[in-house]
Amino acid sequence: MTSTHGLPPEFVLQPDGSLRTLDKYDAPLLAAQRGESTRFHAMAKPAGSACNLDCAYCFYLSKATLRDGPGSGRMSAATLEAFIRQYIECQTGSEVVFSWQGGEPTLLGVDFFRRVVELERTYAKPGQTIQNDLQTNGTLLDDDWCRFLKEHRFLVGLSIDGPQKLHDAFRVAKDGSPTFAKVFAAAKLLHKHDVPFNTLTCVNRLNARHPLDVYRFLRRELGSTYLQFIPIVEYNGFERIAPQHWDPAALPRQGDPQARPGHPQSVVTDWSVDPEDWGYFLVKTFDEWRRRDLGKVLVNHFETLVAQHLGQPSQLCVYGEICGKGLAVEHDGGVYACDHYVYPEYRVGNVHAGRLTDAVFSRAQVRFGYAKSETLPRQCRECPYLRDCWGECPKNRILRTTDGEAGLNYLCSGFQRFFAHAIPEVDRIVADLQTRGTTSRPRM
Ligand code: SF4
Ligand code: SF4
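Let me begin by describing the structure that accompanies this report. (Residues numbered from 1 in each chain as written. Chains lettered and ligands numbered in written order. Predicted model: local features only at pLDDT ≥ 70, side-chain atom pairs only at ≥ 80, totals over all residues.)

## A short note on the site of ligand 2
Around ligand 2, a shell composed of Gln379, Cys380, Cys383, Tyr385, Leu386, Cys389, Gly391, Glu392, Asn409, Cys412, Phe415 and Gln416 is seen. Counting only elements with at least two residues in the shell around ligand 2, the list comes to helix H12 (378-381), helix H13 (386-389) and helix H14 (412-436). Counting residues per element, the shell around ligand 2 draws most heavily on H14, at 3 residues. (Near = placed C-beta within 6 Å. Helix = DSSP H or I, 4+ residues; strand = E, 2+ residues; numbered from the N terminus.)

Written out as structure tokens, the structure reads:
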């Protein structure tokens, strides 16, 4: 923001010399500049989009060739240090969480992460706790890696899509060979070394039709107690076209055949989950979780729904009213609005140019976060599930409503089915928790 020096405090001087009144989009940066509480999260991409696998639905591999995008490369020593220093310096909370993602971060080797831990120790403020998360496909993990992860208390996220047949349908190596055996072996190795891990399962067009096979495999064969399900929704052309930069008039309406995968002119890639199947998947896994695993297993969508009905904020950005506090930092230090918005249109800074807080709380980024609820179509604003859903993630708003308004979430029909089914039961769970005086849910 341009300095307000010499001006009444409610005005700001813009780069073109004009004045404008300060508004709510300026407030977070002003608060940060006053040294007030600043908390945010950034996902680091130290290997950029490089990966040893070639999963059909990966939305990140194409970043290497995106025009004016981050390109490919590994994070240099100078960028790593600048990022770690700034990320710690800019946060006022007592806990700082680093999340290392890709591409595949383990391609960088254990020594890269030994340096990470050293730098974190160097820059940690007194009394601050530093936590590291590592999202991995697991195929490169070995005893050495696991010893390191255990020693430094990394929380691992292991990507696995279900039992062998479902996993190997899309998650393949560069030569097209299956990867299930290696990932399953990685899970065993993590158990052997007592490294805490959760599972991240991409729910796609195929495994969405087998919810109980997926859930029971993760729960009982893999021993996962924290299940994250991520719906695969890929706009056809996502490799080049940034979200919200698509032609709204060309988007199908809800109910059109093009609003489902498999149609020759579908709005999504072939492997994207069908909205109806997404609803079916959530309903079936919710019932299984409720019947057998409530209180023992965390499932991201269910935990957050319970938390919201307890009056707590959403634990997942996608179900929040406002987002924009989870950015991505690429290998070259480029800072982007979100992991799903690594496009030049959404680059908000660079760790080598200015303070990280200036990017995180920039007007562009704050507006990005507010747009999540401010741009909802009437169908969402009048929806009985608005406060559970908030239109989910804006990157998935690739439909028009039946009366032609743009901005409807592709998964809407699935969410409606799930909320209609789950909410009465969630309210019973909440009433029970309140009766027993146990109203705090575990952090996700
Ligand atoms: S754009 Fe989507 S994934 Fe990114 S922070 Fe917002 S809701 Fe979350
Ligand atoms: S369920 Fe559908 S209509 Fe309701 S808020 Fe979510 S996306 Fe909008």
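## Thoughts on the site of ligand 1
Around ligand 1, the surrounding shell consists of Cys317, Val318, Cys323, Gly326, Cys338, His340, Lys372, Cys393, Pro394 and Lys395. The residue makeup of the shell around ligand 1, split by class, is 6 nonpolar, 2 polar and 2 charged. (Nonpolar A, V, L, I, M, F, W, Y, C, P; charged D, E, K, R; others polar.)

## What about the packing of helix H8 (residues 275-293) against H14?
Between H8 and H14, the least distance of the axes is 6 Å, while the angle of their chain directions is 20°. Classified by the angle between their axes, H8 and H14 sit roughly parallel to one another. Here the hand of the crossing between H8 and H14 comes out right-handed. Listed contacts from H14 to Pro275, Glu276, Trp278, Gly279, Leu282, Val283, Phe286 and Arg290 of H8 are Cys412, Ser413, Gly414, Phe415, Arg417, Phe418, His421, Ala422 and Glu425. A class-by-class count of the residues in the contact of H8 with H14 yields 9 nonpolar, 4 polar and 4 charged. (Axes fitted to C-alpha atoms, helices over the stretch in contact; angles between N-to-C directions. Parallel < 35°, antiparallel > 145°, perpendicular 65-115°, else oblique. Left-handed = near helix turned anticlockwise from the far one by under 90°. Contact = placed C-beta atoms within 7 Å.)

## Some points on helix H9 (residues 300-309)
Residues that lie three or four places apart on an α-helix share one face, since the helix turns once every 3.6 residues. For H9, the tally of buried residues reaches 7 of 10 residues, placing the bulk of the element in the interior. The complete set of buried residues in H9 reads His301, Phe302, Glu303, Thr304, Leu305, Ala307 and Gln308. Along its buried surface, H9 packs onto strand S8 (226-231), H8, strand S9 (298-299), H13 and H14. Positive phi shows up at Gly311, right after H9, with a value of about 90°. (Buried ≥ 20, exposed ≤ 12 C-beta atoms within 10 Å, placed from the backbone.)

## As for the nonpolar core
Among the nonpolar cores identified, the biggest contains 103 residues, and Leu327 and Tyr336 are the most heavily contacted of them. For this core, the leading source of residues is H14, giving 6 residues. In this view, Leu327 contacts Phe40, Ala42, Val335, Tyr336, Ala337, Cys338 and Val360; residues no more than four positions away in its chain are not counted. By size, the runner-up hydrophobic cluster in this structure holds 7 residues, among which are Ala50, Cys55, Leu108 and Phe170. (Core = buried A, V, L, I, M, F, W, Y, C linked by C-beta atoms within 7 Å.)

## Considering unusual backbone geometry
Of note, the amide linkage connecting Gly102 to Gly103 takes the cis form, showing an omega dihedral of 5°. With respect to the helices, strands and loops of the structure, Gly103 is situated in the loop between strand S4 (95-100) and helix H3 (110-123). Backbone geometry places Asp194, a non-glycine residue, at a positive phi of 60°. By the secondary structure assignment, Asp194 is in the loop between helix H6 (180-192) and strand S7 (197-203). The backbone of Trp390 shows a phi angle near 50°, a positive value even though the residue is not glycine. Along the chain, the position of Trp390 falls in the loop between H13 and strand S13 (399-400).

## A few points about H8
Helix length check: H8 (19 residues) gives 26 Å between terminal C-alpha atoms against 27 Å at 1.5 Å per residue, within 8%. Within the span of H8, buried status applies to Pro275, Asp277, Trp278, Gly279, Phe281, Leu282, Thr285, Phe286 and Trp289. On the buried face of H8, the contacting elements are S7, helix H7 (211-221), S8, S9, H9 and H14. Once H8 ends, the next one or two residues include Gly295, with phi positive near 85°. (Expected span 1.5 Å × (residues − 1).)

## A closer look at the environment of Cys412
Positionally, Cys412 belongs in helix H14. Judged by the 26 C-beta atoms lying within 10 Å of it, Cys412 is buried. The contact partners of Cys412, leaving out residues within four places of it in the chain, are Gln254 and Pro275.

## Considerations on the pairing of strand S6 (residues 155-159)
Bridge analysis of strand S5 (residues 129-136) against S6 gives 4 bridges, and the strand direction is parallel. When the sheet's bridge partners are listed, Thr136 is paired in S6 with Leu158. This β-α-β element, S5 to helix H4 (residues 143-151) to S6, shows right-handed connectivity. In this structure, S6 lies alongside S7, joined through 4 bridges in parallel fashion. The residue of S7 that forms the bridge with Ser159 is Leu200. (Pairing = 2+ DSSP bridges. Right-handed = clockwise from strand over helix to strand, strands pointing away.)

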